[in-house]
Amino acid sequence: MPRSIADQTEAELGGPGSVLVRQRADHVALDRLLHELDGTTGRQQEEVLTRIDRLVFSHAFAEETVLWPVVRRVLPDGDEITRRVEIEHQEVNELVAALEEGGPDSPERPARLARLVQVLREDVRDEEDVMFPRLQERLDAAELRRLGRRWEVMRRISPTRAHPTVSRRPPGNALSGLPLSLLDRSRDAVDAVVRRVPAVAPAGQVVSRGLAAVAGVVERTPPARRGDGPPTAR
């Protein structure tokens, strides 16, 4: 059985810049954040969740647009294996959207948080223990590094927030990626100003809600939903 990428050296994973090295680095960062989240409440919990969201959504979007099409091409069961991970990504999107909608006082918040942590950890294990070792068998080190560069570029321009109705597959995710990224990152900047300067909070919150509304329209347009199907289509 192939070894988990969690147990391999950087050289074994294709060297610096390999997509497997980059993926594992993000997974390590996520693990630290999940440990930090444990036991938090109130504003501290919200701040840690925000950092988790910014990491997770750009990471997953880059996977779905750059990496999973390669997995589907080189593995005979690539469609099945990527679909399993896409289901996990879809649930993460829906859980985060529900947490934001319910707010900090929702009675369902503890259960949703617990499930979010569980799904994120399952997603990491599915990727590191199952998918990536098999991808590693099909691609040489140079190919892994080329794929890593493409993945990193996409990660840096990907959306940073939950978008449950966007397709998990091309062309929908690729078509919606740039406008949603611009909207999300603008909203991130506005929210950061609101946290630093409480005096501008009322105006900032109006702007943030407006950007969220526009993003909601974008993610529900037919082009953004093309390419997906059950069980992740919404």
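Asks: What is the right way to look at helix 7 (residues 201–219) in this model?
Replies: Turn by turn, an α-helix covers 3.6 residues, leaving residues three or four places apart pointing in a common direction. With 19 residues, helix 7 extends 26 Å between its outermost C-alpha atoms, agreeing within 8% with the 27 Å of an ideal straight helix rising 1.5 Å per residue. All of the buried residues along helix 7 are Ala201, Gly204, Ser208, Leu211, Ala215, Gly216, Val218 and Glu219. Each buried residue of helix 7 lies within a common arc of 155° when the element is viewed along its axis, so the set occupies one face. The exposed residues of helix 7 that point more than 90 degrees off its buried face are Pro202, Ala203, Arg209 and Val217. Packing partners of the buried residues in helix 7 comprise helix 6 (172–196).

Asks: How should the side chain of Arg169 be read in this particular structure?
Replies: Among the secondary structure elements, Arg169 is positioned in the loop between helix 5 (141–156) and helix 6. Using a relative accessible area of 8% as the deciding quantity, one classes Arg169 as buried. Among the polar contacts made by the side chain of Arg169, one reaches the side chain of Asp79 at a distance of 2.7 Å. Those residues in contact with Arg169 that sit more than four places away from it in its chain are Arg72, Asp79, Thr82, Arg83, Glu86, Arg226 and Gly227.

Asks: Explanation requested: the packing of aromatic side chains in the structure shown.
Replies: For any pair of aromatic rings, the description rests on two quantities: the centre-to-centre distance and the angle between the ring planes. According to the stated counting rule, one finds 1 aromatic pair in the structure shown. The interplanar angle of 45° and the centroid separation of 6.3 Å between the aromatic rings of Trp68 and Phe132 together place this pair among those described as tilted. Placement of the pair is Trp68 in helix 2 (residues 42–74) and Phe132 in helix 4 (residues 109–138), with a sequence separation of 64 residues. By relative accessible area, which is 0% here, Phe132 ends up buried.

Asks: I keep staring at the packing of helix 2 against helix 6 and nothing clicks. Help me out?
Replies: Packed helix pairs are specified by the crossing angle of their axes together with the interaxial distance, meaning the distance between the axes. Contact geometry for helix 2 and helix 6: axes closest at 12 Å, N-to-C directions at 160°. Compared by their axis directions, helix 2 and helix 6 come out roughly antiparallel. The chirality of how helix 2 crosses helix 6 is left-handed. Listed contacts from helix 6 to Arg43, Arg54, Ser58, Phe61, Glu64 and Thr65 of helix 2 are Asn173, Ala174, Gly177, Arg185, Asp188 and Arg195. Its residues placed into classes, the contact of helix 2 with helix 6 shows 2 nonpolar, 4 polar and 6 charged.

Conventions adopted
Residues numbered from 1 in each chain as written. Predicted model: local features only at pLDDT ≥ 70, side-chain atom pairs only at ≥ 80, totals over all residues. Heavy atoms only, no water. Helix = DSSP H or I, 4+ residues; strand = E, 2+ residues; numbered from the N terminus. Expected span 1.5 Å × (residues − 1). Buried < 20%, exposed > 50% of the residue type's maximum accessible area, 1.4 Å probe, protein only. Arc of directions from axis to C-beta. Contact = heavy atoms within 4.5 Å. Polar contact = N/O pair within 3.5 Å; in protein donor to acceptor, adjacent residues only side chain to side chain. Phe/Tyr/Trp six-rings, centres within 6.5 Å; stacked < 30°, edge-to-face > 60°. Axes fitted to C-alpha atoms, helices over the stretch in contact; angles between N-to-C directions. Parallel < 35°, antiparallel > 145°, perpendicular 65-115°, else oblique. Left-handed = near helix turned anticlockwise from the far one by under 90°. Nonpolar A, V, L, I, M, F, W, Y, C, P; charged D, E, K, R; others polar.

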